[in-house]
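An overview of the molecular structure
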Amino acid sequence: MQHIPEGQEEFKSEDAARIINEIVSTEFDSDDIDYHAIVDEKVANASASRGVIKFPSDTIYSRERLSALIVHELGTHAMRAIPYQ
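Notes on the structure follow. Not measured: the values here are computed from a predicted model. Sequence positions are assigned chain by chain, starting from 1 and proceeding in written order. Only residues with pLDDT of at least 70 are given local features in this predicted model, and only at 80 or more are side-chain atom pairs given and counted; all residues enter the totals for whole chains, interfaces and linings. To obtain the side-chain values, all non-hydrogen atoms of the structure were included, while hydrogens and water were left out.

1. Here we look at the overall build of the protein
Put simply, the rule reads: Only runs of H or I of at least four residues qualify as helices and only runs of E of at least two qualify as strands under DSSP, and these elements are numbered from the N terminus. Burial classes: relative accessible area under 20% of the type maximum marks a residue as buried, over 50% as exposed, and values in between as partly exposed (1.4 Å probe, protein chains only). Residues are treated as being in contact if the distance between any of their heavy atoms lies within 4.5 Å. Per-residue and other accessible areas were derived by the Shrake-Rupley procedure at a 1.4 Å probe size, with only the shown protein chains allowed to occlude residues.
If you tally the helices and strands in the protein, you get two helices and five strands. When the helices and strands of the protein are placed in sequence order, the string is β-α-β-β-β-β-α. Among the 85 residues that make up the protein, the fraction classed as buried is 36%. In the protein, of all internal contacts separated by at least 6 residues, the share reaching a separation of at least 24 is 51%. If you sum the accessible surface of the protein, you get close to 5,200 Å²; carbon and sulfur atoms cover 48% of it.

Spelled out as structure tokens, the structure:
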């Protein structure tokens, strides 16, 4: 996945949110899309109606887990919500 930094094997929730926001801003016409990722202290979820993907704070992901999460969050949740925006 081209947006995940090479040579890094562990990623924080802040990294996950930054990468998803980068993908949305560079791969989609972000002027028309109000979908973004944040870090939340309490909850990890995606809200299609609000256009928010929330990652739990203080969580570390492996490269493989991060890739799977990005594919799931963008491929399942965002791609179902974005056409309606």
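2. Comments concerning the pattern of salt bridges
Defined as follows: Any carboxyl oxygen of Asp or Glu within 4 Å of a side-chain nitrogen of Lys or Arg constitutes a salt bridge here.
Tallying each qualifying case throughout the model produces three salt bridges. Ionic pairing is found between R63 and E9, a salt bridge with its closest N-O pair at 3.6 Å. Of the two residues, R63 is situated in helix α2 (residues 63–81) and E9 in the segment before β1 (10–12); the sequence distance between them amounts to 54 residues. For E9, a relative accessible area of 48% gives the class partly exposed. For R18, the salt bridge identified is with D15, shortest N-O distance 3.7 Å. Here D15 and R18 lie together in helix α1 (residues 13–27), a separation of three residues that amounts to about one turn. R18 gets classed as partly exposed once you look at its relative accessible area, which sits at 37%. The exposure class of D15 is buried, given its relative accessible area of 18%.

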